[in-house]
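Here is what each chain is made of, one letter per residue.
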Amino acid sequence: MTFHTASGGNTPTNDSMATLKYKQNIIQSEDSASGDSGRGQWGEQGEGERVEFEKAITEFKDLKRELSRPATHGAHADEEEGGNARDSNFVDLEEYLTRANREADESGIIPKKIGIRFKNLTVQGSGSGSIFVRTFADELLGLFGKDLFDLVRNLVSRQKPITKNIIQGFSGVVKPGEMLLVLGTPGSGSSTFLRALTNQRRDFTTIKGEVDYSGLGFETARRKFRGEILYNSEEDIHLPTLTVGQTVRFALKTKTPSKRLPGVSRDHFVEQMLELFLKMFGMNHTLNTIVGNQFIRGVSGGERKRVSIMEALASRATVNAFDNSTRGLDSSTAVDYIKSLRILTTLTKSTTIVTLYQAGEQIYREFDKVCLIDAGRQIYYGPASEARAYFEELGFEFTPGTTTSDFLTSVTNPFERRARPDFKGKLPSSSEELEAAFRNSRFWDHVQKELVEYDQGIAGDAEKFTQAVKEDKSKLTRKKNPYTISFMMQVWYLLQRELQVAWQDQTGLRSRFINTIVLGLLAGALAYKIPKSTAGPYIMGGALFFNLVVIGWMQILEAITMTVGRTITAKQVTMAFYRPSAQVIAKTIADLPVLAVQCALYTLVLYFMTDMARDAGKFFLQLLFVFTTSVCITAFYRVVGAFSRDINSTIRMAFLGLNIMAVFSGYMQPLKAMKSWVYKWIFYAVPVTYAQEALMVNQYDGIDIPCATGNLIPGVPGASLENQICFFVGAEPGASSVSGTRFLKEQFGYERAHVWRNYGIILLFTFGYIVIACIGVEYLSWGSGGGSTKVFLKPGWGRSKKSEQTLPTPQNKAAKKPTITDNALQPVLTSKSVIQGRSSIFSWSKLNYVIPYGGGTRQLLTDIHGYVKPGALTALMGPSGAGKTTLLDTLSQKSRIGVVSGEMLVDGKKLKADFQRSTGFVEQMDIHDGSATVREALRFSALLRQPATVSKGDKFKFVEDIIRLLELENLADALIGEPGFGLSVEERKRVTIGVELAAKPETLLFLDEPTSGLDSAGALSIIHFLRKLADESNIAILCTIHQPSAILFGNFDNILLLTSGGGQAYFGPIGQNGKTVIDYFERNGAIKAHIDDNPAEYILETTRASQKNHDWPAIWDKSPESQTLQQEIADIITERGDTPHTRVEADLEYAMPFIEQVKAVTQRVWRNYWRDPNYGYSSIFSNISMSLIAGILFLQSGHTILEMQSRGFAVFLVVILSPLIVTKVQPKFLTLRMLYEARERNSKIYSAPAFITAMIICEIPYAILGTFFFFFPWYYMIGMNPDSNRAGYQFFLILIFQIWIAPFGMWIAAMCPDLTVMSIVNPFLFVITNAFTGVLVPYSQLLTFFRSWVYWANPLTYLVRGLMSNVLHGVEVTCSSQELVRFTPPSGQTCMEYAGDWLKNASGYMNQAANGACEYCVYKNGDEYMKTINIEYYLRWRDLGIFIIFVFSNIALVYINYWAFWEFQWRKFFARKMSRN
């Protein structure tokens, strides 16, 4: 599908109006020229093509009228955000396209068109389309070699993986200009068919048969023309924080042709096409509204679907496959969309394939051909106009009032298909028989004939198409790659997008800069005014080290975003928008300005607070190294993100890499102290090593460092310098200062000559990381490897034998369709735990909803009145974005922002505490715990939402009835998973409905688009069930619905109709065949309805199209029906308002007591942990890796001073465990918290304290296991005291520390809205807790402010004191030859005579060498060293006790922070305070 823009003339809207093009879209760009390539005529026929010219002209005129009216599809930014629609200009497509086509002809454009030919197409997947869930136990066994054993066993056995046919034996042709409709029930293979036709083959095991594109083979098309063959999935995947305009603009920019019409610049083309798309789909009002997703507020679900469609059209593909693309659109918008595809396909000579689950007759008529699939078999392929007659000839009965598409899909459903009363033959009943009948029909013969004719008629098409695509591309684009624009332009546009994402996150940006300054202040305060004497260099080393790594530390989010953003990247790479490597480079460049500001702020604060050299050259050299190192570390994180399978792998590998950089860079242990080349090479393999050397040389090279008073040995009063020496590396006897150059050389091996060499090495590391990341994203794919793969519990793990026997393959799905029958309903409606309503009436009047918006307010709902009565089924309808979901959220008390006014009453009384839990809400977004099975999800809902008076056995029995009712038996033990890896969209929708039904709602049942994503039979089954439920359970039901057929619509009693902007157009009975509601609109000036019109489509079309002439909310307000409604509500309040509540449960906010909530939630969270093996493995990996790093670095530490201090650093590495584990815990907490807040909090399933308690409990076993894996390598490799008492204390304290870590991470996560803010807050708290422990800077050298309270308020202070005292107590120190301080006593005196009195008050010991020189060792034992850092052995049990208190305070903070930040509604609190004043 290709586009170009018309130029000159009298454009219908203005000079910026955009248009469509029927063939090749472009003309020469400003810097290239081409000759005449031939001219084409609109409607031209190629050899062998069948174009219904008159039909196309008629449809074009119809569509022109449809699209030439004001675009008023939904007048507010979204269902949550509302607003007023802009006035849209008229779009005279006929006049505009005619002129555009004429200009294209005059420009000599080569038509870009290809068809699809497929023959005997068979697609195979692995096994039964299912795998068994991998648990933490499997991962743990894999750590000890089980995975390696299984791999070897499989290689030896040479067993081939079991495969199954997903679709088989498909043949047909789709020509340019044709539209093919693919029909089939969910799971029949329709999506697989589309994927196979559009080169989305990576998800399948084998593709057999032939597929070519006008003579172009699969490999050629995949390699060179991927962007011309598009698959648009059912899921709406976008960057949620970008606006609609930014999203579509980006797609247009990356697909703007090199050759355009004369005078049309690249920017002009983009803006014109954007304006056209916005007008076509009625999206002008959403231009500056963010797209959003299920967790971020944005445009409505229907509008988000339109964004996906616009993005797909912007790709300008020649072959377009749309998978259920009308899901979420209202019926009138869906009709307009398909009509748009019809005219675009006809005029652009593109090839269009569409799967639809619910296709009305108006939609069906737009297609040329239809392919019907049953259980992976092709049972019809031919003209759409003849399909119905074919199946009637086979003996199937067409029911009056049924749409053709519904009739065709019913043929595949044994519960719905019917034989004609006059048919005497054998009716085909299985998919095999239906396939055989098709292959014996004239339509199969026609397919074979068409294949032959098509092969004969495509001569030259491939060459023309190749030439057209070649002219489409930028001059700098390699002609063999599938991208339209050059690599550098891809980087440029991606860079713009990255900067938009960063700039629009103003909160995150401000937080990042503020946090940088705060961290600079903390680090500066930690090393405030470093002494210029020999007391300063080691503190200086720590300050410079922090200067290098802290900003890089804050960038760890980049690794996470690389992993979690793969879905969007994969989609857009498939559409040939850009290469993945271009995104890596764009992200790197986009980081530079923010990193530059961060590094400048941090360095500026730290540099001057620590009183570093006041030399401009030295300052800017330091800033340069800090900035380059931060860029280098960020590039390393992107390597980790590119090569990691999931977020847990990303976090553990990113922190492991950072810790290795920190530990082996020479700061904690100089190279000369490292014992073996087995790991010495790591020193040279980390970039921080080279930066640290450069910064130390920058500060100390070429200067003399005065000896600190305390460093002159011995400190004998009045002693001569000749008999003293400075206790410092590089000191010379009799000198009062030390050469900085000599100190650097002897202590670290640093030299001035290495500075710029080191800078070059850091640049090489940076470029190397970028290249490796680019290779990773280009060649690695972390997809599921099998389409919608089902994941089941292992046999015997609580699975029923029945579910083990039958796995859901397309073949056995044929025997069991998801259709609800009266027999299935009976157990639910007659069982002991039957759903029985309270016969309550829920009413609302003068309902208004206003939210804060852009510094002001925006009204989403205006004066809504209505009610739902027991036994009544009420439809809530309106165009996409009218506020249907907003109204449901408001009525169900889910809205937590803004101001709601008006009355909402149950039986004329205010809502009680149990309203939310006694009300079911089937949400539009299918949000579930992906690690739960279907049965577990339903049981969890029943267990916590049904009253405590119902036994657990009865609750679970009721769940089994619901599972049978929704035909989920075969999936009962399947994990819900995520889209693409787990249940399909349709199956997830049924689970969503089941979860709410399992709760046995007693007052109301709200359903937000319950039929979205279902086929017509499934949709009718759900509505039929709701009808029966309303009739027999006496429950009131309010249901939004988008595309109801006439039969489906007839099941409803009443309708509440909203208009764009959140106004009310009607409330009242629907009437027989919609007569009552149709009469209302006709009476008030609407166009008369045709006898065959679908009442639902008629009222949506009427209220949408005629808004310019009819103000339906105003008409409704003045209507007799409105007055009658208000009187009815008043009567309900009068009649029922005085009747007291008789139920005790009405005052209970939750159905189950707190302890039962904790039990149930703990079980679910534990299952989530257990079935997320990477999560537990990350904990084990972090502990093992850090213990091995410490054990290797400080292997069998001896008794020298350096080795004693190494033991202290080994303790510090225990502290470093906390960032690793915290960043593992937080994403899990955030994920489960979002699930709770998005669905379960509003349903009052369980309380926030129950959720938090469960999270804390489930972390404890992992803490215990982690302690075992950490302690033993760490303790015994370093060579610490083997005494059981000392080892036991050390183990117990580390265990308490591991338990402390998880709540610490949770209370941080409880404050933060997302990972971005979390990644900013974490470094601040990590610096506070890790740095102010007395290890990096001794207690005595801390500022008074920090020494007086921060040190003592830091929980890790007590951990370090306890661990250090236990490790170092009683350790005898024996100085090495290099550590001994040698000085000469005055002539005639021995060492003891000269310095004996001084030694009595000093630490250490002294000997006299044979040459008469005194040899002094600074420390005699570890206790003397501990005194210098304010640690006492006898206080270790006190320190342990205090640390245990901090564990409980941590836990308390989780509850307090969550309540303060997310539970308590401060805005409403202050609003009430202000209103009282």
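Description of the structure in this document.

The rules we used
- Residues numbered from 1 in each chain as written.
- Predicted model: local features only at pLDDT ≥ 70, side-chain atom pairs only at ≥ 80, totals over all residues.
- Heavy atoms only, no water.
- Disulfide = S-S within 2.5 Å.
- Helix = DSSP H or I, 4+ residues; strand = E, 2+ residues; numbered from the N terminus.
- Pairing = 2+ DSSP bridges.
- Axes fitted to C-alpha atoms, helices over the stretch in contact; angles between N-to-C directions.
- Contact = heavy atoms within 4.5 Å.
- Phe/Tyr/Trp six-rings, centres within 6.5 Å; stacked < 30°, edge-to-face > 60°.
- Buried < 20%, exposed > 50% of the residue type's maximum accessible area, 1.4 Å probe, protein only.
- Lys NZ or Arg CZ within 6 Å of the ring centre and 35° of its normal.

Description of the state of the cysteines
Under the definition given, this model contains three disulfides. A disulfide bridge connects C707 with C726, and the sulfur atoms are separated by 2.1 Å. Given an S-S torsion of about 95°, the disulfide between C707 and C726 has right-handed geometry. Taken together, the residues span a long stretch of sequence, with C707 in the loop between β11 (704-706) and β12 (712-713) and C726 in strand β13 (residues 725-726) at a distance of 19 residues.

A look at the sheet that holds strand β18 (residues 873-877)
Whenever strands of a sheet pair, they do so through backbone hydrogen bonds, lying parallel or antiparallel. The strand order across the open sheet formed by six strands is β21-β24-β25-β18-β26-β27, and the pairing between neighbours is mixed. The open sheet terminates on both sides in strands that have one partner only, identified here as β21 (919-922) and β27 (1063-1069). With strand direction ignored, the average angle separating the axes of adjacent strands in the sheet is 15°. Pairing between β21 and strand β24 (residues 1004-1008): four bridges, direction parallel. Of the residues in β24, the one forming a bridge with T919 is L1004. Sitting on the sheet, helix α38 (residues 1075-1083) is in contact with β26 (1054-1059) and β27, with an inclination near 135° to β27.

Observations concerning the packing of aromatic side chains
Scanning the entire structure with this criterion turns up 88 aromatic pairs. Ring centres 6.3 Å apart and planes at 85° place the aromatic pair F545 and F546 in the edge-to-face group. The two residues F545 and F546 agree in class, both being buried. Between F1272 and Y1276, the aromatic rings sit 6.4 Å apart at their centres with planes inclined by 10°, giving stacked as the arrangement. A residue pair is termed a helical-turn pair when its members lie 3 or 4 positions apart in one helix, as F1272 and Y1276 do in helix α46 (residues 1248-1278) at four residues. Cluster of aromatic residues (ring-pair linked, three or more members): F1268, F1270, F1271, F1272, W1274, Y1275, Y1276 and F1291. Against the face of F398 rests R388, its NZ or CZ located 3.6 Å from the ring centre.

Quick word on the sheet that holds strand β29 (residues 1405-1408)
Read across the sheet, three strands follow the order β28-β30-β29 without closing on themselves; strand pairing throughout is antiparallel. The open sheet has two edge strands, β28 (1381-1383) and β29, and neither has a second partner. Strand-to-strand twist in this sheet, taken as the mean axis angle between neighbours without regard to direction, amounts to 25°. The strands that helix α51 (residues 1391-1400) touches are β28, β29 and β30 (1414-1417); relative to β29, the one it contacts most, it runs at about 180°.

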